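Survey of secondary and tertiary structure
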Amino acid sequence: MSDKKEFKQNLERIESLVNTIEASADPNVRKSAIELMQCLMDLNATGIERIMSIAFENSPNGGEIIDKIAEDDLAESLLLLYGLHPLDIDSRVMKALDKVRPYLQSHKGNVELVGITDGFVRLKLQGSCDGCASSAMTLKLAIEEAIYEFAPDIAGLQVEGVVEEKKLSQFVQIDSSIKNSVIKDEGWKEVNGLISLADGAVTSIEVSKRPITFCRIGETFYAYNDTCPECGNSMQNSSMKKSALTCASCQGSFDVMRAGRGLDKPNLYLEPFPLLIEQGQAKIALP
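Everything in this summary refers to the structure shown in the same document. It should be emphasised that the depicted structure is a prediction, and the values quoted were computed from it without experimental measurement.

**With respect to the overall build of the chain**
When its secondary structure is counted, the chain shows six helices and 14 strands. Considering the chain as a whole, with its 287 residues, one finds that 40% of them fall into the buried category. Carbon and sulfur atoms make up 51% of the accessible area of the chain, which amounts to about 15,600 Å² in all.

Written out as structure tokens, the structure reads:
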């Protein structure tokens, strides 16, 4: 078990204990227990802040030391918990967007930071796949995962998308409670053996007992639901030529580089899933 995962489990246990205390029938017990916890939190925050100040003020590389502390997963979680992270929300949101941009660009999209007001983040999707229902969902999940990884303390997140072809606008409202449900480490599943897939090849791999169609173009990997949206059959025996993925049953073709859009029937889409490659390991997010 990783230190960061264990840290999160401890936080969840603390939250559970706090809920138990708040449900106590004795109001004096509730008040004393909550006050005790708040005092401990304040004491820890003061101590950690003082340690960071000493490191910063007494070393010529103090700033670099603070940055290194903030880069450590476990230490970063602690700094966020006590509101002591050296980077403000704006900077951390920008780091998150920098991380997710390569994935968005693989779907011919991009993202722009519109603004951050009182911790509420507003983004705007750009590119040819803005507004398509299936693409919006897969990009939304990827953005959520990145934002809540770097800035779990934001108040909320709104993603605005503009459909270029139909000139429509679409808003995807993302509530901050998502970080306690959809966007968790457990939501991303490792995909073993995908990195060795050849350029231009297609394969089907079961992830959490669910068949997923994977393909590769150059250095970019794509993941789609195994079901053909035209005939409803499996895409397991599909073939690919350039960026066109063709169903073996009905010969329906879909552009894997444009979020699975139908080449013959543009109103049909393969269902794409967020796919990230980190440190040589592929991970996919399934709804």
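**What about the sheet that holds strand β5 (residues 188-191)?**
A sheet is described by the order of its strands in space; here three strands give the open sequence β5-β14-β13, paired in antiparallel fashion. Since the sheet does not close on itself, it has two edges, and those belong to β5 and β13 (275-278), each with one partner. Shown here is a sheet whose adjacent strand axes are inclined to one another by a mean of 35°, direction ignored. Looking at chain direction, β5 and strand β14 (residues 281-285) are connected through four bridges and run antiparallel. Bridging from a neighbouring strand, V191 pairs with A282 of β14.

**Observations concerning the nonpolar core**
Membership of the largest hydrophobic core comes to 25 residues, with the highest contact counts inside it found for V93, L123, I143, I147, I154 and L157. Listing elements by their share of this core, those giving two or more residues are α5 (89-106), β2 (120-127), α6 (133-150) and β3 (156-163). Among the nonpolar cores identified, the runner-up in size contains 14 residues, and V207, A223, F273 and L275 belong to it.

**Regarding unusual backbone geometry**
Even without a glycine there, the phi angle at K209 is positive, about 65°. Assignment of secondary structure puts K209 in the loop between β6 (202-207) and β7 (210-217). Residue classification places K209 among the exposed residues on the basis of a relative accessible area of 79%. One non-glycine residue, K242, lies in positive phi territory at about 55°.

**Section: the sheet that holds strand β11 (residues 253-255)**
Spatial ordering of the open sheet is given by β9-β10-β11-β12, a layout of four strands whose pairing is antiparallel. Because the sheet does not close on itself, it has two edges, and the strands there are β9 (239-241) and β12 (261-262). Bridge analysis of β9 against strand β10 (residues 244-246) gives three bridges, and the strand direction is antiparallel. The residue of β10 that forms the bridge with K241 is A244.

**Notes on the packing of helix α3 (residues 62-71) against helix α4 (residues 73-81)**
Relative orientation of the contacting elements α3 and α4 amounts to 95°, with a least axis distance of 5 Å. Relative to α4, the element α3 is oriented roughly perpendicular. Where α3 abuts α4, its residues I69, A70 and E71 lie against D73, A75, E76 and L79. Looking at the contact of α3 with α4 residue by residue, the classes come out as four nonpolar, no polar and three charged.

**Concerning helix α2 (residues 27-57)**
Look at α2: 45 Å from first C-alpha to last across 31 residues, which is about the 45 Å you get at 1.5 Å a residue. Residues of α2 that are buried: A45, I48 and M52. Contact partners of the buried residues in α2: α3 and α4.

**Remarks on a nonpolar patch on the surface**
Judged by side-chain polarity, L11, I14 and L81 come together as a nonpolar surface patch covering roughly 210 Å² of accessible area. Within the secondary structure, I14 sits in helix α1 (residues 3-22).

**Describing α5**
The periodicity of an α-helix, 3.6 residues per turn, causes residues three or four positions apart to be oriented the same way. Between its first and last C-alpha, α5 extends 26 Å over 18 residues, near the 26 Å set by a 1.5 Å rise per residue. Its axis deflected by about 40° at V100, α5 carries its strongest bend there, up to four residues before the proline P102. Here α5 has its buried residues at I89, R92, V93, A96, L97, V100, R101, Y103, L104 and S106. In the segment just after α5, K108 is the residue with positive phi, at about 60°.

**Overview of the pattern of salt bridges**
Evaluated as defined, the whole model comprises two salt bridges. The salt bridge partner of R101 is D98, with a shortest N-O separation of 3.0 Å. Remark: D98 and R101 occur in helix α5; sequence separation between them is three residues, near one turn of the helix. Owing to a relative accessible area of 18%, R101 belongs among the buried residues under this scheme. For D98, a relative accessible area of 48% gives the class partly exposed. A salt bridge links K265 to E230, with the shortest nitrogen-to-oxygen separation between them at 3.2 Å. One end of the pair, K265, is in the loop between β12 and β13; the other, E230, is in the loop between β8 (220-225) and β9, and 35 residues separate them in sequence.

Calculation rules
Residues numbered from 1 in each chain as written. Predicted model: local features only at pLDDT ≥ 70, side-chain atom pairs only at ≥ 80, totals over all residues. Heavy atoms only, no water. Helix = DSSP H or I, 4+ residues; strand = E, 2+ residues; numbered from the N terminus. Buried < 20%, exposed > 50% of the residue type's maximum accessible area, 1.4 Å probe, protein only. Areas by Shrake-Rupley, 256 points an atom, 1.4 Å probe, with all protein chains shown as cover. Pairing = 2+ DSSP bridges. Axes fitted to C-alpha atoms, helices over the stretch in contact; angles between N-to-C directions. Core = buried A, V, L, I, M, F, W, Y, C linked by side-chain atoms within 4.5 Å. Parallel < 35°, antiparallel > 145°, perpendicular 65-115°, else oblique. Contact = heavy atoms within 4.5 Å. Nonpolar A, V, L, I, M, F, W, Y, C, P; charged D, E, K, R; others polar. Expected span 1.5 Å × (residues − 1). Patch = residues over 30% accessible without salt bridge, like charges linked within 9 Å, V, L, I, M, F, W, Y side chains within 5 Å. Salt bridge = Lys/Arg side-chain N within 4 Å of Asp/Glu carboxyl O. Bend = angle between axes of the 7 residues up to and from the residue.

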